[in-house]
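Listed below, chain by chain, are the residues.
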Amino acid sequence: MKIKKSKTVSFDVDPQCGFTPICPDELPITEGDLIVDELNAQAAFAQYRLVSKDCHPEQAPWIATSPEQIMTPVEGDHPNLDIKWPAHCVVGTKGNTLIPGLPSESSYDLVVEKGIDPLKHPYGACYHDLSDQESTGVLEWLVAHQIELVIVGGLATDYCVKTTVLQLCNANVQVLVNLAACRGVDNETTEKAIQEMQNAGAKMIKSSQELEC
Ligand code: VGL
């Protein structure tokens, strides 16, 4: 697939140790640490490189306090919380850091932090809330830089990658999802997520080898 490097963004969604086997007590996604080479490879086809990070507090109502609670609904009236997760990507811990092999944060063109408010657990990188009201600034950045294509990879395909891609599609941004640069929490929800992203207009590529400038 021929793409134009100028006005193209490579977007690394939540490529953090907390989503990999490097941090087994957080939210380890099988092979989550193996996406690095593909993220770096896709970035070679883009003028800009962006990264989003889950930046969570140590305590929040969405944090499961026992394994049984994981993925059960958060009780109470919390419009920006849905289900419980193990604590992950807490600011100041290893889980919050980018997977080794990725560039340093300061060399990205934009670093987007989300999820610091204990009463919000967003998935997508474009909004701080679950109903797409409070912008993180990503969409504005894409408009300001006249971006025409975003190549997405990261963790996890069925949660943060999916939601980010749907938000981009909804904002009429052209999106390519590099499946080799993504891993999902669960096979079934990952297959469904791929369908949903395609239905929203995103195109899938198996790997960056399909790309040429
Ligand atoms: C994610 C589950 C919970 C993700 C974040 O980054 O995909 N998944 N929190």
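Only a predicted model underlies this, so the values are computations on that prediction, with no experimental measurement involved.

1. Looking at the overall build of the protein
Across its full length, the protein carries 4 helices and 6 strands. In sequence order, the secondary structure elements of the protein are arranged as β-α-β-β-α-β-α-β-α-β. Its C-alpha radius of gyration of 16 Å places the protein within 12% of the 17 Å reference for a compact globule of 213 residues. Each principal axis of the C-alpha atoms in the protein carries an extent, and together these give about 50 × 35 × 35 Å. In the protein, which comprises 213 residues, the share counted as buried stands at 49%. For the protein, the proportion of contacts with a sequence separation of at least 24, taken over those separated by at least 6, is 73%.

2. Here's the deal with the packing of helix α3 (residues 157-170) against helix α4 (residues 187-199)
Direction vectors running N to C along α3 and α4 enclose 5°, while the axes themselves pass 9 Å from each other. Considering their axes alone, α3 and α4 lie roughly parallel with respect to each other. Side by side, α3 and α4 meet where T157, D158, K162, V165 and L166 of the first sit next to T189, T190, A193, E196 and M197 of the second.

3. A look at the UniProt feature "domain: Isochorismatase-like" (unreviewed entry) in the protein
Under the local residue numbering, the UniProt record ascribes the feature "domain: Isochorismatase-like" (unreviewed entry) to residues 78-207. Summarising residues 78-207: 26% helix, 18% strand, and an end-to-end C-alpha distance of 38 Å.

4. So, the site of the ligand
Within the structure, the ligand sits among D14, F19, L27, D54, W85, L155, A156, Y159 and C160. Of the residues belonging to the shell around the ligand, the class tally is 7 nonpolar, no polar and 2 charged.

5. What about the nonpolar core?
Ranked by size, the top nonpolar core spans 60 residues in total, and within it V150, V152, V165 and V175 carry the most contacts. Contributions of two or more residues to this core are made by β1 (8-13), α1 (36-43), β2 (48-54), α2 (138-144), β4 (149-155), α3, β5 (175-183) and α4. Examining the composition of this core, we find that 6 residues originate from one element, α3, more than from any other. For V175, the residues in contact, after removing those within four places along its chain, are V150, V152, V165, L168, C169 and A202.

6. Some remarks on unusual backbone geometry
Following L155, the chain continues to A156 via a peptide bond in cis, the omega torsion being -10°. Within the fold, A156 resides in the loop between β4 and α3. Positive phi values are uncommon outside glycine, yet C89 reaches one of about 55°. Tracing the backbone through its elements, the reader meets C89 in the loop between β2 and β3 (110-114). Although it is not a glycine, N172 sits at a positive phi angle of roughly 65°. Relative to the elements of secondary structure, N172 occurs in the loop between α3 and β5.

7. A look at α4
Here α4 spans 18 Å end to end across 13 residues, near enough to the 18 Å set by a 1.5 Å rise per residue. Every buried residue of α4 is listed here: T190, A193, I194 and M197. Axial view of α4: buried residues confined to an arc of 100°, hence all on one face. Along α4, exposed side chains directed more than 90 degrees from the buried face belong to E188, Q195 and N199. In this fold, the buried residues of α4 make contact with α3, β5 and β6 (203-205). At the C-terminal side of α4, G201 shows a positive phi close to 110°.

8. Considerations on the sheet that holds β2
Reading across the sheet, the 6 strands line up as β3-β2-β1-β4-β5-β6 and stay open at both edges, with parallel pairing between neighbours. Looking at which strands have only one partner, the edges of the open sheet turn out to be β3 and β6. Here the strands of the sheet are splayed against their neighbours by 25° on average, with no regard to which way each runs. In this sheet, β5 lies alongside β4 in parallel orientation, the contact comprising 5 bridges. Across the sheet, V150 pairs through a bridge with V175, a residue of β5. Together, β1, β2, β4 and β5 form the strand contacts of α1, whose direction differs from that of β5 by roughly 155°.

Definitions and cut-offs
Residues numbered from 1 in each chain as written. Predicted model: local features only at pLDDT ≥ 70, side-chain atom pairs only at ≥ 80, totals over all residues. Helix = DSSP H or I, 4+ residues; strand = E, 2+ residues; numbered from the N terminus. Rg over C-alpha atoms; globule rule 2.2 N^0.38 Å. Buried ≥ 20, exposed ≤ 12 C-beta atoms within 10 Å, placed from the backbone. Contact = placed C-beta atoms within 7 Å. Axes fitted to C-alpha atoms, helices over the stretch in contact; angles between N-to-C directions. Parallel < 35°, antiparallel > 145°, perpendicular 65-115°, else oblique. UniProt positions renumbered as here; feature names shortened; annotations may be inferred. Near = placed C-beta within 6 Å. Nonpolar A, V, L, I, M, F, W, Y, C, P; charged D, E, K, R; others polar. Core = buried A, V, L, I, M, F, W, Y, C linked by C-beta atoms within 7 Å. Expected span 1.5 Å × (residues − 1). Arc of directions from axis to C-beta. Pairing = 2+ DSSP bridges.

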